[in-house]
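# Geometric and topological summary
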Amino acid sequence: MSTLIKTLDYHTAGEPLRIITSGLPEIPGDSMLAKRRYMADELDDYRKLLLREPRGHADMYGAVLTEAVSSNGDTGVLFLHNGGYSTMCGHAIIALVTAAIEQQSFAIVNPDAVRIDTPAGQVVAKAILAADGRVQEVSFLNVPSFVLEPEYSVQVDGRAVDMTIAYGGAFYAYIDAGVHGFELLPNEASRLVAFGQKIKTEVASHYQIKHPEGDADLNFLYGCIFVRPGEKAGHSRNACVFADGQLDRSPTGSGVSGRAAIHWSRGELQLGESLEIESIIGTRFRVRCAEATTVGGLPAIIPEVTGCASLTGTHQFVLDERDPLPKGFLLG
Amino acid sequence: MQPNKAHEFDCIDAHTCGNPVRLLVSGGPELQGDSMAAKRQHFLRDFDWIRTALMFEPRGHAMMSGSILYPSTRVDCDIGVLFIETSGCLPMCGHGTIGTVTIAIEQGLATPREPGLLVLETPAGKVEARYQQENGKVKSVRLTNIPSYLHAEGLEVDCPELGGVLRVDVAYGGNFYAIVEPQAIYQDLSELSAGDIIRISPLVRERLNQRYHFVHPQERSINGLSHLLWAGKAIKPDSHARNAVFYGDQAIDRSPCGTGTSARMAQLAARGELKPGDNFVHESYIGSQFTGRVEAATTVGDYKAIIPSIEGWARIYGRNRITVDPQDDPYWQGFLVS
């Protein structure tokens, strides 16, 4: 393993993104899903080293820049979390585009259409620049998002948990927070994670998730999103428990995409309209219902997600050859 | 006092047996005061934003801790150190000292008058750190702790979460520790997940503090049970015992815990299981080890006590330039989710 790895660290609406800019071996594969499989099989120790304690923590998130796999892509990206590899991540896209413009972490042809190849497909983003040239906010058109299962229910601890299952780059179960006694405040973090993990396990063992036209690698429930009315002017607040019990500090880019698909499917959101959705710490993303489309016969939308990111640091990580924790650790 | 412009902080990060130590190398504030204790007060009054920016999310996390070096104000110390944590600025921190000494020696940030001995001025006073070097790197650091003693034996506390009554000893090693040893309703540390420890420990601590009073015989301002030490069987063949220390609202020490190991050795010495000169290798929840030693016997008030020392290691893992820009980032002061 290389012992010097450089990263650019950002946060998008409170959620960290550690962008690995150098120090990893090349990742072969002619699609981002193939690269994702390669990294999971051959280079997973790097994910553990950089995301887990002591260099990271249970809620760290990462991105690896790769060559683009499409003819017009500016970059490819893999998404890393505490349990493995995501297929699409909105907060990461926002930070990646900010880093590309402010720190030149990858070359872009056109700041109005930054083309990023992700395992879920190509995502096109645009940066809105402030007068001083810094990035004010980033919008991206997400992959087609749709409702897979309008009404589903599982039993957790002897009671029914009703949900809607939708896709916004990854599959989520959307659950009413109030019904289960949550206000979605930071001091509920550990209870939310425990409850979300139980729900996810139940859904995974009773429901076979299938993307109607995508790769089989997309067919899994990534997280649970608890939803309730928002504070102040926001439309709503949601909290996403994903991967191996991570709690998103941001409103979750792929999550709010699924939210927009749900509200559109119910006639509560029209084409061109937007929602402001806040996170468990009160940060916001805007999601707009940009276009209507279909996915394998299911009605779908192309959502546009907007948010902003800030640089938190530039890092050079080393692994001391005497360090007895070369893969880091999590308490579990 | 708040910044109105972008700040950059150069840090060297290490971990002591799993616990992070972020040493601020440049960007730290100038502090007034004729001692590190006085400088600590100045820091807390005017520069606490630096602590929260570097320790809290998104730049740090719930377990982050660190330090800042200053010239010593005392002629008998080599260098001054200020400790910073998510909870505030501890006057003294064992794992922080081991990490700080390792970084300072390996990176040439401090010059000891006597090779192998770095004398630190901490806000709690003078601390002598003896270190061993190997190929230019620091292999381990040994600290001598304050007199530690067994305060109470066989205290009973309800623990319906484990299905009955727990019996615990309480010992002092810089903090008061309730030591939970294997018994009928708690067979071993391997039975508890990290989530169990975080869920059960604060309840047991609260019940103990409601039922008993824990006051240091020589310093009444040191009172109250703050830590729980769940004792268990060693996993590594060269460890004597394993433990998980719970403290704060929801923290489990990643290291074997210096003050906890001191308290545990005081308990074992009071029982006659350790005597001056004996080593005690203590293993953490994640398997990292400290080597404790009973340096001498002493007394604390009317209690028999020991002077313990703790030897541990730290390894550097990164160099980081942390940026904090109040104009750009609404979370420049950081946040915690708990």
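To keep things clear, this report deals only with the structure shown in the data block. (Residues numbered from 1 in each chain as written. Chains lettered and ligands numbered in written order. Predicted model: local features only at pLDDT ≥ 70, side-chain atom pairs only at ≥ 80, totals over all residues.)

## A few points about the overall build of chain A
In terms of helices and strands, chain A carries five helices and 18 strands. Taking 332 residues into account, the globule formula puts the C-alpha radius of gyration at 20 Å, and chain A, at 19 Å, falls close to it. When the backbone C-alpha atoms are referred to their principal axes, chain A occupies close to 50 × 45 × 40 Å. Counting the 332 residues in chain A, one finds 56% classified as buried. A separation threshold of at least 6 residues defines the contact pool for chain A, and within that pool the share at least 24 residues apart is 64%. (Helix = DSSP H or I, 4+ residues; strand = E, 2+ residues; numbered from the N terminus. Rg over C-alpha atoms; globule rule 2.2 N^0.38 Å. Buried ≥ 20, exposed ≤ 12 C-beta atoms within 10 Å, placed from the backbone. Contact = placed C-beta atoms within 7 Å.)

## Focus: the overall build of chain B
A tally of regular secondary structure across chain B gives five helices and 17 strands. The C-alpha radius of gyration of chain B comes to 20 Å, within 12% of the 20 Å expected for a compact globule of 338 residues. Its C-alpha atoms put chain B at 60 × 45 × 40 Å along the principal axes. Counting all 338 residues of chain B, 51% fall into the buried class.

## What about the environment of Thr3 of chain A?
All names here are of chain A. Tracing the sequence through the fold places Thr3 in the segment before β1 (4-12). Separated by 313 residues in sequence, Thr3 and Gln316 place their C-alpha atoms 9.5 Å apart. Ignoring sequence-local partners within four residues, the contact set of Thr3 consists of Val318 and Leu319.

## Thoughts on the pairing of strand β9 (residues 164-172) of chain B
Residues and elements named next belong to chain B. Bridging between strand β8 (residues 148-159) and β9 involves eight bridges; their strand directions are antiparallel. The partner of Glu156 across the bridge, within β9, is Arg167. What sits between β8 and β9 in their antiparallel hairpin is a turn of four residues, with Gly163 showing a positive phi close to 90°. As judged from the five bridges shared by β9 and strand β10 (residues 176-180), these two strands associate in the antiparallel manner. Pairing of Tyr172 across the sheet is with Phe176, part of β10. Joining the antiparallel neighbours β9 and β10 is a turn of three residues, in which Gly174 adopts a positive phi near 120°. (Pairing = 2+ DSSP bridges.)

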